[in-house]
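# Fold and geometry: a report
Read off the chains here:
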Amino acid sequence: MSKGTLFDKVWDLHTVGILPSGQTQLFIGLHLIHEVTSPQAFAMLRDRGLKVLYPERTVATVDHIVPTENQARPFADSLAEEMMQSLEQNCEEHQIRFYNVGSGSQGIVHVIAPELGFTQPGMTIACGDSHTSTHGAFGAIAFGIGTSQVRDVLASQTLALAKLKVRKVEVNGTLKPGVYAKDVILHIIRKLGVKGGVGYAYEFAGSTFEQMSMEERMTVCNMAIEGGARCGYVNPDEVTFDYLKGRDFAPKAGAWDKAVAWWQSLRSDTAAEYDDVVIFDAADIAPTITWGITPGQGIAINELVPTPEMLPADEQPIAAEAYRYMDLQPGQPIQGTKVDVCFVGSCTNGRISDLREAAKFAQGRQVAEGVKAFIVPGSERVKQQAESEGLDKIFVAAGFEWREPGCSMCLAMNPDKLEGRQLSASSSNRNFKGRQGSASGRTLLMSPAMVVAAAVTGQVSDVRELL
Ligand SMILES: CC(C)[C@H](C(=O)O)[C@@H](O)C(=O)O
Ligand code: SF4
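Here the residue numbers are simple positions, counted from 1 along each chain's written sequence. To label them, take the chains in the order written and letter them from A, then take the ligands in the order written and number them from 1. Thresholds applied to this predicted model are a pLDDT of at least 70 for local features of residues and 80 or more for the giving and counting of side-chain atom pairs; totals over whole chains, interfaces and linings are not thresholded and use all residues.

### Notes on the confidence of the model for the chain
- For every residue, the predictor reports its confidence as pLDDT, a number between 0 and 100. On average, residues of the chain carry a pLDDT of 98, and 100% of them reach 70 or more.
- Overall fold confidence (pTM) sits at 0.99, and the ipTM for the predicted complex is 0.99.

### Observations regarding the nonpolar core
- We call a set of buried Ala, Val, Leu, Ile, Met, Phe, Trp, Tyr and Cys residues a nonpolar core when their C-beta atoms link them within 7 Å. Buried residues are those with 20 or more other C-beta atoms within 10 Å of their own C-beta, exposed residues have 12 or fewer, and partly exposed residues lie in between; C-beta atoms are placed from the backbone. Counting residues in each nonpolar core, the largest one holds 142 residues, and the members touching the most others are Tyr233, Ile289, Cys342, Val451 and Val452.
- If one sorts the elements of this core by residue count, helix α16 (residues 448–457) sits on top with 8 residues.
- For Val452, the contacting residues outside a window of four places in its chain are Val344, Ala358, Phe361 and Ala362. Strands here are runs of E lasting at least two residues and helices are runs of H or I lasting at least four, both read from the DSSP assignment and numbered beginning at the N terminus. Residues are defined as contacting one another if the C-beta atoms placed from their backbone atoms lie within 7 Å.

### As for helix α5 (residues 147–156)
- By the burial criterion, the buried members of α5 are Val150, Arg151, Asp152, Val153 and Leu154.
- Buried residues along α5 sit in contact with β3 (30–33), α2 (39–47), β6 (124–127) and β8 (158–161).
- In the segment just after α5, Gln157 is the residue with positive phi, at about 55 degrees.

### Some words on the sheet that holds strand β2 (residues 24–27)
- Strands qualify as paired when DSSP identifies two bridges or more between them. Strand order across the open sheet formed by 3 strands is β1-β2-β8, with antiparallel pairing between neighbours. Only two strands of the sheet have a single neighbouring strand rather than two, namely β1 (15–18) and β8. Taken pair by pair, the neighbouring strands of this sheet meet at an average axis angle of 25 degrees, ignoring direction.
- As paired elements, β1 and β2 share 3 bridges and run antiparallel to each other. If you follow Thr15 over to β2, its bridge partner there is Leu26. Structural elements are reduced to axes, namely lines fitted to C-alpha atoms, with helices fitted over the stretch in contact, and the angle between N-to-C directions of any two is expressed from 0 to 180 degrees.

### Some remarks on the domain arrangement of the chain
- Along its sequence, the chain is organised into domain 1 (6–161), domain 2 (165–236 + 261–284) and domain 3 (288–466).
- Taken residue by residue, the interface counts 17 residues in domain 2 and 19 residues in domain 3.
- Mapped by element, the contributors of at least two residues to the side of domain 2 that touches domain 3 are α6 (181–192) and α8 (214–222).
- Examining the composition of the side of domain 2 that touches domain 3, we find that 6 residues originate from one element, α6, more than from any other.
- In the side of domain 2 that touches domain 3, the residues fall into 6 nonpolar, 6 polar and 5 charged. Note: domain ranges come from an automatic or database domain assignment. Three classes are used: nonpolar for Ala, Val, Leu, Ile, Met, Phe, Trp, Tyr, Cys and Pro, charged for Asp, Glu, Lys and Arg, and polar for all others, with Gly counted as polar.

### Brief notes about the site of ligand 2
- Contact assignment follows one rule, namely that a residue is near a molecule or strand if its backbone-placed C-beta atom lies within 6 Å of it. Close to ligand 2 lie 13 residues, the nearest being Ser346, Cys347, Cys407, Cys410 and Leu411.
- In terms of residue class, the shell around ligand 2 is built from 5 nonpolar, 6 polar and 2 charged.
- Counting contributing residues per domain, the shell around ligand 2 is built from domain 1 (6–161) and domain 3 (288–466), each supplying no fewer than three.

### A closer look at the sheet that holds strand β7 (residues 141–144)
- Reading across from one edge, β5-β4-β3-β6-β7 is the order of the 5 strands in this open sheet, with parallel pairing throughout. Strands at the two margins of the open sheet, each flanked by one partner only, are β5 (97–99) and β7. Across the sheet, the mean angle from the axis of one strand to that of its neighbour is 20 degrees, orientation sign disregarded.
- Both β6 and β7 contribute to a ladder of 4 bridges, which runs parallel. Residue pairing across strands places Cys127 opposite Gly144, the latter belonging to β7.
- Packed on one face of the sheet, helix α4 (residues 109–116) meets β3, β4 (58–61), β5 and β6 and runs near 130 degrees to β4.

### Quick word on unusual backbone geometry
- Pro74 follows Arg73 through a cis peptide bond whose omega is -10 degrees.
- On the secondary structure map, Pro74 appears in the loop between β4 and α3 (78–94).
- Even without glycine at this site, Gln157 takes up a positive phi of about 55 degrees.
- Of note, Gln157 is situated in the loop between α5 and β8.
- Even without being glycine, Ala412 reaches a positive phi, approximately 60 degrees.
- Looking at the secondary structure, you find Ala412 in the loop between β17 (401–402) and β18 (423–426).

### Let's talk about the site of ligand 1
- In the vicinity of ligand 1, the contacting residues are Val36, Thr37, His64, Asp129, Ser130, His131, Gly144 and Leu411.
- Counted by class, the shell around ligand 1 contains 2 nonpolar, 5 polar and 1 charged residues.

### Describing the pairing of β18
- Residues Leu423 and Ala425 point to one face of β18 and Ser424 and Ser426 to the other, with burial holding for every one of them.
- Judged from the 3 bridges that link them, strand β15 (residues 341–344) and β18 form a sheet pairing that is parallel. When the sheet's bridge partners are listed, Val341 is paired in β18 with Ser424.
- Two strands pair when backbone bridges link them, and β18 and strand β19 (residues 442–445) are joined in this way by 4 bridges, in the parallel orientation. Note that in β19 the partner of Ala425 across the bridge is Leu444.

### A few points about the environment of Glu216
- For Glu216, the location among the structural elements is in helix α8.
- According to the C-beta neighbour criterion, Glu216 is buried, with 24 such atoms within 10 Å.

### Brief notes about the UniProt feature "binding site: [4Fe-4S] cluster" (unreviewed entry) in the chain
- UniProt positions are given in the numbering used here, feature names are shortened, and annotations may be inferred rather than shown by experiment. UniProt records the feature "binding site: [4Fe-4S] cluster" (unreviewed entry) at Cys347, Cys407 and Cys410, using the numbering of this structure. These annotated residues cover 64 residues of sequence, and their C-alpha atoms lie no more than 8.8 Å from one another, placing them together at a single site.
- Residue placement: Cys347 occurs in helix α12 (residues 346–349).
- Using a count of 27 C-beta atoms within 10 Å as the deciding quantity, one classes Cys347 as buried.
- For Cys407, the position within the fold is in the loop between β17 and β18.
- Judged by the 30 C-beta atoms lying within 10 Å of it, Cys407 falls in the buried class.

As structure tokens, this is what we get:
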């Protein structure tokens, strides 16, 4: 049993009681909601005549269904319009703060909460969305929950949860040029497996994470869930405090110093005990790309698609399925594979630093003939910031489309979809079959820089050759 970790401290501080089931009733400091998983939760509340207990601890935005081109209302897709109206009405009725399209702060829920300063160290955060683990980058304990749990949090501001084990995932050293936070997490998931984290919270520790910006830490924590972990976090430090200072909802004036002292006290103790520790070396991490149908099927860009013999027996069936679906041969290089669509965006890699990095590689180059490439900022604020730096112009001059904020082709619950067997180079977090909107569409996950490298060469390429 872990002891003295940030996870233990935050968990204990938010424990309301132990339920007859043995689960902990955990207080949730911040509840984030979006249009997909909240309508039924509100309906269940209404059926029971319940109210939202703490509307001031609930924050809403719309992201999944928002079109990134024509945002005129009513939306062309009537189901999307219905979800939108339902969220609008629920927020109005329950007096919930709602960042709607055009508010200036709308965007993907995991992008806007940090940028507005809602996400803070030591909090418990829940959202009806699996990538809620993102917020752990701040030293918060953040869970993705299902719709019935969204109802529970709306009604009681608490959740019934079993305590997790804590695994310290340590990475030390400086990343080589062309290697990004995305590569670090793809490497970790490749090594520990997509189910490796089941039952665990992942504490990301070591000098590699200490050197990362908050946005890089968010990229890593975002995909903790893809490695099976229920949540992932980084201990808060000066980088965290610098990021938060001055944000709209960060503590102000005298409250700030108090908050920082408090946040510092929550860091894992040097003598903390973990249920497990794994250690990686940053020098071993290359630009990494998935070749298959799970985020764990990753290889370094210059490696070959693994042959069945190279894989553990329990990974061979899913590999066989992946060769077929992806139309890739065991032992073939991934580099040089032709791509059809290139997408930079999502809650993994749709922040301003991602767009800046993507623009560096797009500058002075051209999207290859026959490739559709587009850039989707993670929020209205990211979009505005990018435009004030002229990044949009760099992208457009290079032949990329510049879109409005939303989840876009990350999961294609909106008009941005692959067609047929198209192969997509994507900065998002899931490469499941049919994920990007076409039942037979194919996805390769990679860093934004690698997506741009694919866009300008028309094929899977090693970004280090463009440095
Ligand atoms: C629609 C939503 C419930 C879903 C999630 O839980 O993560 C989505 O955001 C995703 O990335 O697949
Ligand atoms: S960007 Fe993708 S992963 Fe993130 S919340 Fe939207 S659909 Fe889910």
